[in-house]
2 protein chains.
Amino acid sequence: MENDTNITWHEHRVTREERERLHGHRGCVIWFTGLSGSGKSTLANVLDHMLSARGAKSAVLDGDNVRHGLNAGRNILKETHGDEFAERFGLGFSAVDREENIRRIGAVAQLFCEAGTIALTAFISPYRVDRDRVRATMPDGDFIEVFVDTPLDVCEQRDPKGLYKKARAGEISHFTGIDDPYEAPDAPELTLKASEQTPEALAGEVIDYLVGRGILKVFAA
Amino acid sequence: MENDTNITWHEHRVTREERERLHGHRGCVIWFTGLSGSGKSTLANVLDHMLSARGAKSAVLDGDNVRHGLNAGRNILKETHGDEFAERFGLGFSAVDREENIRRIGAVAQLFCEAGTIALTAFISPYRVDRDRVRATMPDGDFIEVFVDTPLDVCEQRDPKGLYKKARAGEISHFTGIDDPYEAPDAPELTLKASEQTPEALAGEVIDYLVGRGILKVFAA
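In this numbering scheme, every chain counts its residues from 1 along its sequence in written order. For this description, chains carry letters from A and ligands carry numbers from 1, given in the order in which they are written. Where totals are concerned, whole chains, interfaces and linings use all residues; where local detail is concerned, this predicted model gives features only for residues with pLDDT of at least 70, and gives and counts side-chain atom pairs only at 80 or more. As a rule here, side-chain values come from all non-hydrogen atoms in the structure, and water together with hydrogens is ignored.

Any details on the UniProt feature "active site" (unreviewed entry) in chain A? Residues and values, ideally.
Residues and elements named next belong to chain A. UniProt positions are given in the numbering used here, feature names are shortened, and annotations may be inferred rather than shown by experiment. UniProt records the feature "active site" (unreviewed entry) at Ser125, using the numbering of this structure. Structurally, Ser125 can be placed in the loop between strand 3 (118-122) and helix 7 (128-137). Residue classification places Ser125 among the buried positions, given a relative accessible area of 3%. Secondary structure is summarised from DSSP: a helix means a run of H or I of at least four residues, a strand means a run of E of at least two, and numbering begins at the N terminus for each. Burial classes: relative accessible area under 20% of the type maximum marks a residue as buried, over 50% as exposed, and values in between as partly exposed (1.4 Å probe, protein chains only).

Which residues make up the interface of chain B and chain A, and what values do they have?
Listed by partner, the interface residues are 70 residues for chain B and 70 residues for chain A. In this assembly, chain B packs against chain A so that about 5800 Å² is buried in total across both faces, 56% of it on carbon and sulfur atoms. By salt bridge we mean one thing: a side-chain nitrogen of Lys or Arg within 4 Å of a carboxyl oxygen of Asp or Glu. Connecting chain B to chain A are 10 salt bridges. Measuring nitrogen to oxygen at the nearest pair gives 2.8 Å for the salt bridge that ties Arg13(A) to Asp62(B). The term polar contact refers here to a pair of N or O atoms within 3.5 Å; inside protein, the definition further demands a hydrogen-donor-capable atom paired with an acceptor-capable atom, and it admits residues adjacent in sequence only when both atoms are side-chain atoms. The interface formed by chain B and chain A contains 19 residue pairs in polar contact (both at pLDDT 80 or more). The criterion used for residue contact is that any of the two residues' heavy atoms lie within 4.5 Å. Buried area is understood as the total, over both parts, of accessible area removed when two parts are fitted together, assessed with a 1.4 Å probe.

How would you explain the relation of the copies chain B and chain A if you had to name every residue and give the values?
Superposition of the copies used a least-squares fit over C-alpha atoms from residues whose pLDDT is at least 70 in both. Mapping chain B onto chain A calls for a rotation angle of 180 degrees and an axial translation of 0.0 Å; the resulting RMSD is 0.0 Å. Such values leave the two copies arranged in the relation of a two-fold axis. Across chain B, the rotation axis passes nearest the C-alpha of Val108(B), at a separation of 3.5 Å. Residue by residue, 100% of the interface of chain B is reproduced at the interface of chain A, so both copies engage with the same surface.

A description of the pattern of salt bridges should follow, citing residues and the corresponding values.
Applying the stated criterion to the full structure yields 40 salt bridges over all chains. Here Arg13(B) makes a salt bridge to Asp64(A), at a shortest N to O gap of 3.5 Å. You can see Arg13(B) sitting in the segment before helix 1 (16-23) and its partner Asp64(A) sitting in helix 3 (residues 63-66), one on each of two chains. On the basis of relative accessibility, which here comes to 48%, the residue Asp64(A) falls in the partly exposed class. Among the salt bridges present, the one from Arg135(B) reaches Glu189(B), with a minimum N-O distance of 2.8 Å. In this pair, Arg135(B) is assigned in helix 7 (residues 128-137) and Glu189(B) in the loop between helix 9 (163-168) and strand 5 (190-192), connecting sequence segments 54 residues apart. Among the ionic contacts, a cluster of salt bridges with common partners joins Glu100(A), Arg103(A), Arg104(A), Glu100(B), Arg103(B) and Arg104(B).

Give me the lowdown on the sheet that holds strand 3 of chain A, citing residues and values where you can.
Sheet strands line up and pair through hydrogen bonds in the backbone, either parallel or antiparallel. All names here are of chain A. For two strands to pair, DSSP has to find at least two bridges joining them. An order of 2-3-1-4-5 is seen for the five strands of this open sheet, with the pairing classed as parallel. Each end of this open sheet is capped by a strand with a single partner; those strands are strand 2 (58-62) and strand 5 (190-192). Adjacent strand axes in the sheet meet at a mean angle of 20 degrees when their direction is disregarded. The pairing of strand 1 (residues 28-33) with strand 3 spans five bridges and is classified as parallel. Note on strand 3: the bridge partner recorded for Ile30 is Leu120. Orientation is described by lines fitted to C-alpha atoms, with helices fitted over the stretch in contact, and by angles between N-to-C directions that extend from 0 to 180 degrees. In the packing of helix 2 (residues 40-53) onto the sheet, contacts are made with strand 1, strand 2, strand 3, strand 4 (143-148) and strand 5, and the angle to strand 2 comes to roughly 165 degrees.

So this is what it looks like as structure tokens:
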């Protein structure tokens, strides 16, 4: 016996193109990479404001919103899910754990992109292979790598979270730029000199790039 | 020596409220739960169409878009990231692996919600504790649990992917409803009788609920 309503129970997804038409712009991932204190997160948030002000759909992924949820570490998961679970799934700081951290962020950024959103990610993401793997999972043109090129000494002067001081004092180990390498992108879509211009001017460069690539339209506003 | 541009290098995030004002509706997570073949994914996609047609920002998370990325299993990760990595991070079918699967989906749905989007998730999510943990991570009112209440015999007749047949033949084990339990929600926000009405009518019930809760406005259209 067939169910009467069966005939209509098939999948018909809203396509990415339909969402993009609705939003008035294309989806993409803008992947900021650079040293701690280079200005990635500030830039992502300034750009997010500029996009929102133009009515574009955007979202920021950074440590603030993935560290306690998606990529929670052992201490957090221990409290919510117990010891065995935390041991199995909590992310630490080993090489593979860092790689998984970036892999998940890439996968989520891609989900936002497929939903027609401009996803802005702000993570040090120091290893070229990890960034290139994220790029490789996405259709050509969706992944826009933005190298926030701020000299180490400037980042260390800024030291907004006091992390360089701790790293120099040996209280933190494997700190990018101090005792762990940062691998600059070979061919980023954009390089921003974040020690030489304001965040607003730099975010404007990204907007110009998006307009040039046809991802955003030129706005009358 | 302070950097000249330092003064402007602070965080100022676009708030959820600002995004919601831009979108003209609130963000939330609509969590469809029910047996395999109950109609969760169809319902999510029909609802997604209805929301898009009204200009609302929505996104669907289901097996199709998380299985190969965010929650990839060992076989997939082995190819992209190698054996050690796949062993450590690939999701399998153990109890904790299924729990992690749901935990990550919940975390991502929450990111969409915080971006002012109506996130529609369509996963069997058979265990009450896993769904309740997702609910517990979110502010009151953001998590809307929708029980797609289709009798097992109807799901088994539909068997859109031939999985019940395989489970009955012993080719798949731990299959929800056959040799693994489905724990129905105690107090879902909505229960949809998906064997008695069309997907369009049921999605309309969800829309009515969202309007009643002030998440969506009544649309002139």
